[in-house]
Amino acid sequence: MQIVRQLDPLRNALAEFRAAGLTIGLVPTMGALHAGHMRLVEVAQSQCDAVIASIFVNPTQFGEGEDLDAYPRQEAADAALLEAAGVKLLWAPTADQVYPPGYATNVSVSGISDGLCGAARPGHFDGVATVVAKLFNQVRPDAAFFGEKDYQQLAVIRRMARDLDFSHEIVGVPTVRDADGLALSSRNAYLTAEERADAVALPETMQEAATAIAAGSPVADILSDAKARLLRSGFHKVDYFELRDADTLALLDDFTRSARLLAAAHIGRTRLIDNIPVS
Ligand SMILES: Nc1ncnc2c1ncn2[C@@H]1O[C@H](COP(=O)(O)OP(=O)(O)OP(=O)(O)O)[C@@H](O)[C@H]1O
Ligand SMILES: CC(C)(CO)[C@@H](O)C(=O)[O-]
Ligand code: BAL
């Protein structure tokens, strides 16, 4: 596996892949890889000839006071995992390759970026849309792979790709979970043993709320009971626990076939997000 940090060698390597007639799959990440990321790689391998993973802890998607400095960085271990999985190239750009001096352009996807994580993390999805648009232009993949765990992010990227005429496929990959149901996340590493044990309340509460909503119970009551349960179970703040349309992310008051539950809540110093379909 080649590890590439500068744009010129990236372009040369991509030209070689294309000259060999290989289709290219891109898996963007911020590193600290776990089985969720590796599932994206696996799905990309099944659909493309050459898989390129990127690792870039993108500063513009972190707000003031967020965990940019603390975010886990373990490139050597990540590279070993990617290589073992058959990834052809790791794109690990230096910050100046992504945001050179004088950089002044911002991609902002209005509407779908508002609310949910966009409300709790102002500017976050501008940072995500901007860096993902740049990764798409840098790599020009045939398909790009994103996890459903970051469901609003996936929706923002799909909208951005449609709006900016990126014609490659955007593939959403279902969330990989630990045995007890907690969604895998690089930020789970922040949890103490006690917080990790309590964190299972998030997927459990979501599953029970989804079942009750599908059975026809009043949505508003279920959502407020779910938030209260999280606050009794070790979480100290619930950013949101909402029922949304799976495609448009429009707020729903009642169950529909395309309903999805989305939640974000804080436990200790860790903010966890999750989402599940209601069916
Ligand atoms: N449990 C998971 N299942 C499937 N995909 C996942 C999972 N966790 C992360 N991904 C996907 O991996 C890609 C890179 O995500 P990222 O590097 O931010 O990891 P993360 O574990 O989501 O970290 P964070 O702690 O920042 O949420 C994204 O497309 C994300 O949705
Ligand atoms: C898509 C992404 C790599 C952009 O920085 C990041 O938001 C992530 O890891 O989900
Ligand atoms: N996993 C999405 C990236 C972020 O939380 O900043």
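Whatever comes next refers back to the structure up there.
Basis of the calculations
- Residues numbered from 1 in each chain as written.
- Chains lettered and ligands numbered in written order.
- Predicted model: local features only at pLDDT ≥ 70, side-chain atom pairs only at ≥ 80, totals over all residues.
- Heavy atoms only, no water.
- Pairing = 2+ DSSP bridges.
- Helix = DSSP H or I, 4+ residues; strand = E, 2+ residues; numbered from the N terminus.
- Axes fitted to C-alpha atoms, helices over the stretch in contact; angles between N-to-C directions.
- Contact = heavy atoms within 4.5 Å.
- Polar contact = N/O pair within 3.5 Å; in protein donor to acceptor, adjacent residues only side chain to side chain.
- Near = heavy atom within 4 Å.
- Areas by Shrake-Rupley, 256 points an atom, 1.4 Å probe, with all protein chains shown as cover.
- Nonpolar A, V, L, I, M, F, W, Y, C, P; charged D, E, K, R; others polar.
- 1 Å grid on protein atoms, 1.4 Å probe; cavity = no way out; pocket = protein on both sides within 12 Å on 5 of 7 lines; lining within 4 Å.
- Points joined across faces, edges and corners; volume = space filled by probe spheres on them.
- Domains from an automatic or database assignment.
- Core = buried A, V, L, I, M, F, W, Y, C linked by side-chain atoms within 4.5 Å.
- Buried < 20%, exposed > 50% of the residue type's maximum accessible area, 1.4 Å probe, protein only.

Describing the sheet that holds strand S4 (residues 89–91)
With parallel pairing, the six strands of this open sheet are ordered in space as S1-S4-S3-S2-S5-S6. The two strands at the open ends of the sheet, each matched to only one other strand, are strand S1 (2–4) and strand S6 (169–173). Each strand axis lies, on average, 25° off the axis of its neighbour in the sheet, ignoring direction. Here helix H1 (residues 7–19) sits on the sheet and contacts S1, strand S2 (24–29), strand S3 (50–55) and S4; the angle it forms with S4, its principal contact strand, is near 150°. Across the sheet, helix H6 (residues 124–139) touches S2, S3, S4, strand S5 (143–147) and S6, and the angle it forms with S2 is around 150°.

With respect to the side chain of glutamine 152
Looking at the secondary structure, you find glutamine 152 in helix H7 (residues 151–163). One polar contact links the side chain of glutamine 152 to the main-chain carbonyl oxygen of glycine 115, over a distance of 3.2 Å. Reaching out from glutamine 152, the side chain makes a polar contact with the backbone nitrogen of cysteine 117 at a distance of 2.9 Å. Apart from residues no more than four positions distant in its own chain, glutamine 152 is found in contact with Ile112, Ser113, Asp114, Gly115, Leu116, Cys117, Gly118, Phe125 and Leu249.

Details of the site of ligand 3
Around ligand 3, a shell composed of Met30, Gln61, Arg121, His124, Asp150, Gln153 and Arg187 is seen. Side-chain polar atom of glutamine 61 to an oxygen atom of ligand 3: 2.9 Å apart, as the coordinates give it. For ligand 3, an oxygen atom lies 2.9 Å from a polar atom in the side chain of arginine 121. Contact with the protein chains removes 86% of the 220 Å² of surface that ligand 3 exposes when unbound. The residue inventory of the shell around ligand 3, partitioned by class, reads one nonpolar, three polar and three charged.

With respect to the site of ligand 1
Lining the immediate environment of ligand 1, one finds 20 residues, of which His34, Tyr71, Lys149, Asp150 and Ser186 sit closest. Take histidine 34: an N or O atom from its side chain is 2.7 Å from an oxygen atom of ligand 1. Measuring from an oxygen atom of ligand 1, one finds a side-chain N or O atom of serine 185 at 2.8 Å. Here ligand 1, which alone exposes 590 Å², has 96% of that area covered by the protein. Broken down by secondary-structure element, the contributors of at least two residues to the shell around ligand 1 are S2, helix H2 (35–47) and S5.

Brief notes about the layout of surface pockets
Within this model, the second largest pocket holds a volume of roughly 200 Å³. In terms of residues, the lining of the second largest pocket owes the most to one element, H7, which gives six residues. A domain-level breakdown of the lining of the second largest pocket finds at least three residues from each of domain 1 (2–173) and domain 2 (191–270).

Comments concerning the nonpolar core
Grouped together as the largest cluster of nonpolar side chains are 46 residues, with contacts concentrated most on Ile52, Trp91, Phe136 and Met160. In terms of residues, this core owes the most to one element, H6, which gives nine residues. Taken domain by domain, the makeup of this core includes at least three residues from each of domain 1 (2–173) and domain 2 (191–270). When near neighbours in sequence (up to four residues on either side) are disregarded, isoleucine 52 contacts Leu14, Phe17, Ile24, Gly25, Leu26, Val27, Val87, Leu89, Trp91 and Val139.

Quick look at the sheet that holds strand S9 (residues 270–277)
Pairing is antiparallel in the open sheet, where three strands are placed in the order S7-S8-S9. Of all the strands in the sheet, just strand S7 (237–245) and S9 have a single pairing partner and so form its edges. Here the average twist between neighbouring strands, direction ignored, is 10°. Where S7 lies against strand S8 (residues 259–267), eight bridges are found, and the strand directions are antiparallel. By the bridge assignment for S8, glutamate 242 is matched with leucine 262. Contacting S7 and S8, helix H10 (residues 219–232) runs over the sheet at an angle of about 150° to S7.

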